[in-house]
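Coordinate inspection notes
Each chain, letter by letter, is given below.
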Amino acid sequence: MRPDLFEAPDYYNLDELLTDEHKLVRDAAREWVKREVSPIIEDYAQKAEFPMQIINGLAEIGAFGPYIPMEYGGAGLDQISYGLIMQEIERGDSGVRSTASVQSSLVMYPIWKYGNEEQRQKYLPKLASGEWIGCFGLTEPDHGSNPGGMVTNFKDMGDHYLLNGAKMWISNAPFAQVAVVWAKDETGRIHGLIVERGMEGFTTPETHNKWSLRASATGELIFDNVKVPKENLLPNKSGLGAPLGCLDSARYGIAWGAIGAAMDCYDTALRYSKERIQFGKPIGQFQLQQKKLAEMITEITKAQLLTWRLGVLRNDGKATSAQISMAKRNNVDMAINIAREARQMLGGMGITGEYSIMRHSMNLESVITYEGTHDIHLLITGMDVTGLNAFK
Ligand SMILES: Cc1cc2nc3c(=O)[nH]c(=O)nc-3n(C[C@H](O)[C@H](O)[C@H](O)COP(=O)(O)OP(=O)(O)OC[C@H]3O[C@@H](n4cnc5c(N)ncnc54)[C@H](O)[C@@H]3O)c2cc1C
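Residues numbered from 1 in each chain as written. Predicted model: local features only at pLDDT ≥ 70, side-chain atom pairs only at ≥ 80, totals over all residues. Heavy atoms only, no water.

With that settled, consider the site of the ligand. If you check the shell around the ligand, you find 18 residues, and the closest are Phe136, Thr139, Ser145, Trp169 and Thr373. Contact between the ligand and leucine 138: an oxygen atom at 3.0 Å from a main-chain N or O atom of the residue. One of the backbone nitrogen or oxygen atoms of tryptophan 169 is found 2.7 Å away from a nitrogen atom of the ligand. For the ligand, the cavity whose grid points lie within 2 Å of the majority of its atoms is the largest pocket. Sorting the residues of the shell around the ligand by element identifies strand S3 (160-171) and helix H10 (374-386) as the ones contributing at least two each. (Near = heavy atom within 4 Å. Polar contact = N/O pair within 3.5 Å; in protein donor to acceptor, adjacent residues only side chain to side chain. 1 Å grid on protein atoms, 1.4 Å probe; cavity = no way out; pocket = protein on both sides within 12 Å on 5 of 7 lines; lining within 4 Å. Sits in = over half its atoms within 2 Å of the grid points. Helix = DSSP H or I, 4+ residues; strand = E, 2+ residues; numbered from the N terminus.)

Our next topic: the UniProt feature "domain: Acyl-CoA dehydrogenase/oxidase N-terminal" (unreviewed entry) in the protein. According to UniProt, the "domain: Acyl-CoA dehydrogenase/oxidase N-terminal" (unreviewed entry) feature falls on residues 19-131. When the span residues 19-131 is considered, its composition is 71% helix and 0% strand, and the gap between its end C-alpha atoms is 31 Å. (UniProt positions renumbered as here; feature names shortened; annotations may be inferred.)

Evaluated as defined, the whole model comprises 18 salt bridges. One salt bridge in this structure joins arginine 35 and glutamate 36, with 3.4 Å as the shortest N-O distance. Judged by relative accessible area, arginine 35 falls into the exposed class, the value being 52%. (Salt bridge = Lys/Arg side-chain N within 4 Å of Asp/Glu carboxyl O. Buried < 20%, exposed > 50% of the residue type's maximum accessible area, 1.4 Å probe, protein only.)

In this section: the layout of surface pockets. Of the volumes computed, that of the largest pocket is approximately 1200 Å³. In terms of lining, the largest pocket is formed by 41 residues, of which the most central are Thr139, Gly144, Tyr370, Glu371 and Gly372. The dominant element in the lining of the largest pocket, judged by the number of residues it contributes, is helix H6 (residues 241-275), at 5 residues. A per-class count over the lining of the largest pocket returns 17 nonpolar, 19 polar and 5 charged. In this structure, the second largest pocket occupies an estimated 310 Å³ of space. Contributing to the lining of the second largest pocket are 20 residues, with Arg2, Pro3, Thr268, Arg271 and Tyr355 lying nearest its centre. Here the lining of the second largest pocket is composed, by residue class, of 7 nonpolar, 4 polar and 9 charged. (Points joined across faces, edges and corners; volume = space filled by probe spheres on them. Nonpolar A, V, L, I, M, F, W, Y, C, P; charged D, E, K, R; others polar.)

Bringing helix H5 (residues 117-128) into the picture now. Over its 12 residues, H5 runs 16 Å from end to end, which matches the ideal 16 Å to within 8%, given 1.5 Å per residue. The set of residues buried in H5 consists of Gln119, Arg120, Tyr123, Leu124, Leu127 and Ala128. Axial view of H5: buried residues confined to an arc of 120°, hence all on one face. On its buried face, H5 sits against helix H2 (55-60), helix H4 (94-114), strand S1 (134-137), strand S4 (178-184) and strand S5 (190-196). Of the residues that open H5, the one with a side-chain oxygen 3.3 Å from the backbone nitrogen of glutamate 118 is asparagine 116. In the stretch just after H5, glycine 130 is the one whose phi turns positive, near 85°. (Expected span 1.5 Å × (residues − 1). Arc of directions from axis to C-beta. Contact = heavy atoms within 4.5 Å.)

On to the UniProt feature "domain: Acyl-CoA oxidase/dehydrogenase middle" (unreviewed entry) in the protein. Under the UniProt annotation, the feature "domain: Acyl-CoA oxidase/dehydrogenase middle" (unreviewed entry) is placed at residues 135-226. Annotated as 0% helix and 48% strand, the span residues 135-226 places its first and last C-alpha atoms 17 Å apart.

What follows is about the nonpolar core. Counting 65 residues, the largest nonpolar core has Leu58, Phe64, Ile85, Ile89, Ile111, Phe136 and Trp182 as its most contacted members. Top element by residues in this core is H4. It accounts for 9 residues. If we skip the residues at most four places from it in the chain, phenylalanine 136 touches Val102, Leu106, Val107, Ile170, Val180, Trp182, Pro243, Cys246 and Leu247. Core analysis: the next-biggest nonpolar cluster, separate from the first, contains 33 residues, Ala262, Met263, Ile297 and Ile368 among them. (Core = buried A, V, L, I, M, F, W, Y, C linked by side-chain atoms within 4.5 Å.)

So, about the packing of helix H3 (residues 79-92) against H4. Look at H3 against H4: their axes get within 7 Å of each other, and the N-to-C directions meet at 150°. If you check the angle between H3 and H4, you find them roughly antiparallel. Of H4, the residues touching H3 (which contributes Tyr82, Met86, Ile89 and Glu90) are Ser94, Val96, Arg97, Ala100, Ser101 and Ser105. A per-class count over the contact of H3 with H4 returns 5 nonpolar, 3 polar and 2 charged. (Axes fitted to C-alpha atoms, helices over the stretch in contact; angles between N-to-C directions. Parallel < 35°, antiparallel > 145°, perpendicular 65-115°, else oblique.)

As a further point, take the packing of aromatic side chains. Tallied over the full model, the rule gives 16 aromatic pairs. Seen from their ring centres, tyrosine 109 and tyrosine 114 are 6.1 Å apart, and the 85° between their planes marks the pair as edge-to-face. Each of the two residues, tyrosine 109 as well as tyrosine 114, counts as buried. Ring geometry for phenylalanine 202 and phenylalanine 223: centres 5.5 Å apart, planes at 10°, overall stacked. (Phe/Tyr/Trp six-rings, centres within 6.5 Å; stacked < 30°, edge-to-face > 60°.)

So, about the side chain of arginine 120. Note on placement: arginine 120 falls in helix H5. Judged by relative accessible area, arginine 120 falls into the buried class, the value being 16%. Excluding anything up to four places from it in sequence, arginine 120 contacts Tyr72, Ile111, Trp112, Gly115, Pro125 and Asn236.

Quick look at the environment of glycine 353 now. Position of glycine 353 among the secondary structure elements: in the loop between helix H8 (321-345) and helix H9 (357-367). For the pair formed by glycine 353 and isoleucine 41, sequence separation is 312 residues and the distance between their alpha carbons is 10.0 Å. In this view, glycine 353 contacts Met1, Glu42 and Gln46; residues no more than four positions away in its chain are not counted.

Here it is, written out as structure tokens:
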């Protein structure tokens, strides 16, 4: 892969809306991605392997629990800093951002919000430092968009719970030490359980042959009469709203992350358009290519504004789930369209691993599907504005 020459577009001077701390955090993440991710990520994507050596660096830039209080090892940052870190990581690769999102919003967040003090003390510092990696088991083979239909369940055996079932499409599963698993009790109510690698009957087979998120490990979680200690149940929230609360936090991070992928594609195409000569001039001088670039920067700028405002609402505790859905849906769609256009602008070079665009393009096919598909988020917006539920 070529040297990383990324320069972030900021067409509406949005940096002026950021605090010094935001810029410091963002710039540190940006430098780290340039130094540690860009030089190696194409190779790891090609061989379909997560680069384990970057775990410590992710922890150091605050990517594991950016907004988790410092007393638990988190970075204690606000929601905009969290978003900016996700943006920078996904500028490098959506698979790496997925690992950070899962760790922060789908594992640390539920332990912090729904766990008790012993659970927080036991798990959060190790997750924040990257000593332990976590995964989040909600999706099942027969229940994706409709997680409330899940069949994974646990029975109260007096001194422990007995967990049975299976989860599918789980990011980080093949190497995670800890899994936050959503399962139904004997009354059908959903609870979160912390399952640890090594518990008898718990296995995590890897999912192979992905054309997307190749630098992120995906797998199944299989529970065959797993004895889960009673103290591993998250006591402070149950029902479908508990996993959905985690998804709000992760989807918010994805909305920022998608901007990173789009910025990288735009920046690459812009540079290429000035260097690549056809018919005696740089291709950037042709109106058709300018149209693509002009539309890209317009869409990126709109997404930046939408997401910054969402960050302000999140900081004030006022962002609704439907507002987060709108940003996730809009920004991922924006990014996938930009990746497609940018790839065309590079002609044949666009399909090679010399440039990041094809990898972003393929990665975004997962990002537009996970954490609620494009269509599901549209239905959430539709339900919010009409008050009528299309899921029933
Ligand atoms: C790489 C990757 C990593 C993932 N990581 C995780 C993870 O870490 N943890 C986890 O729990 N899950 C994870 N997922 C799962 C992901 O969240 C699901 O794939 C997603 O929710 C969609 O579920 P599904 O694949 O079963 O599709 P389905 O739900 O079967 O949907 C198929 C199609 O039907 C459409 N559809 C469904 N219902 C409706 C409806 N009511 N109206 C209109 N259209 C509808 C969908 O939009 C979609 O287009 C991951 C997925 C991928 C691909």
